[in-house]
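# Coordinate inspection notes
In case you want the letters, here they are:
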Amino acid sequence: MITKIEELEGKWVATLEGEMDTAAAVEAEEVLKPLYNSEGKDVVIDCEKLEYIASSGLRILISILKSAKAGGSRVTMKHVNDDIMNVFRLTGFVDLFEFE
């Protein structure tokens with residue numbers, strides 16, 4: 001799993017690539033920790049190359065969402081493939097996030 005964040009055009013952009021299974025989620029959480037304090041900047045999570053997400057990965061995304069909203073920021077999910085979108089639908093998370 002490859003996880004990175006960068007600041008682009010006044011937003012935090014996180015890129016997720018590969019499979020975010022339970023083991024990879026631990027490492028990804030360390031990389032994504034700065035997003036827990038988004039400093040009022042909106043967050044974009046690019047899932048174009050994300051192939052799989054486990055419940056531990058969903059927990060990380062929910063934590064980012066809660067922290068960002070508390071600070072007045074928006075979280076947008078981009079390029080979510082059909083399989084990942086089905087996971088969001090089955091868990092009811094599709095109603096919590098914004099998708100592009």
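Look above for the structure.
For the structure given in this document, a descriptive report is provided here. Since we're looking at a predicted model, the values are computed, not measured. Numbering of residues starts from 1 in each chain and follows the order in which that chain's sequence is written. Where local features are concerned, this predicted model is filtered to residues with pLDDT of at least 70; where side-chain atom pairs are given and counted, the filter is 80 or more; whole-chain, interface and lining totals use all residues. For the side-chain quantities, the full set of heavy atoms in the structure was used; hydrogens and water were omitted.

Our focus in this paragraph is the packing of helix α1 (residues 22–32) against helix α2 (residues 55–70). For any two helices packed against each other, the geometry is given by the interaxial angle and the distance between the axes. Two elements in contact, α1 and α2, have axes whose closest approach is 8 Å; the angle formed by their N-to-C orientations is 20 degrees. Taken as axis vectors, α1 and α2 run roughly parallel relative to one another. As for how α1 packs across α2, the hand of that crossing is right-handed. Contact residues: α1 offers Thr-22, Ala-25, Glu-29 and Leu-32, while α2 offers Ser-56, Gly-57, Arg-59, Ile-60 and Ile-64. When the residues that make up the contact of α1 with α2 are grouped by side-chain class, the tally is four nonpolar, three polar and two charged. Axes, fitted as lines to C-alpha atoms, cover a helix only where it is in contact. Angles between the N-to-C directions of the axes lie from 0 to 180 degrees. Under the DSSP-based scheme used, a helix requires at least four consecutive residues in state H or I and a strand at least two consecutive residues in state E, with every element numbered from the N terminus. Working rule for angles: under 35 degrees goes down as roughly parallel, over 145 as roughly antiparallel, 65 to 115 as roughly perpendicular, anything else as oblique. Handedness of each helix crossing follows the sense of rotation of the near helix against the far helix: counterclockwise by less than a right angle gives left-handed, clockwise gives right-handed. Here, residues are in contact when the closest pair of their heavy atoms is within 4.5 Å. Nonpolar residues are Ala, Val, Leu, Ile, Met, Phe, Trp, Tyr, Cys and Pro. Charged residues are Asp, Glu, Lys and Arg, and all others, Gly as well, are polar.

Let's shift gears to α2. The span you would expect from a helix comes to 1.5 Å times its residue count less one. A rise of 1.5 Å per residue sets the reference length of α2, with its 16 residues, at 22 Å; its end C-alpha atoms lie 22 Å apart and thus fit the reference within 8%. Residues Ser-56, Gly-57, Leu-58, Ile-60, Leu-61, Ile-62, Ile-64, Leu-65 and Ala-68 constitute the buried set of α2. The inward-facing, buried residues of α2 contact β2 (11–20), α1, β3 (43–53), β4 (75–78) and α3 (82–91). Gly-72, located one to two residues past α2, shows a positive phi value of around 85 degrees. Only protein chains enter the accessibility calculation, which uses a 1.4 Å probe; a residue is then buried when its area is under 20% of its type maximum, exposed when over 50%, and partly exposed in between.

A word on the nonpolar core. Here, the term nonpolar core denotes a set of buried Ala, Val, Leu, Ile, Met, Phe, Trp, Tyr and Cys residues that are joined through side-chain atoms within 4.5 Å. Leu-16, Ile-45, Leu-61, Val-75, Met-77, Phe-88 and Phe-97 are the most contacted members of the largest nonpolar core, which totals 28 residues. Residue assignment for this core shows that the elements contributing at least two residues are β2, α1, β3, α2, β4 and α3.

Even without glycine at this site, Glu-9 takes up a positive phi of about 50 degrees. Looking at the secondary structure, you find Glu-9 in the loop between β1 (2–8) and β2. Among the residues examined, Glu-9 registers a relative accessible area of 83% and is labelled exposed. In this structure, His-79 takes a positive phi of about 55 degrees despite not being glycine. For His-79, the location among the structural elements is in the loop between β4 and α3.

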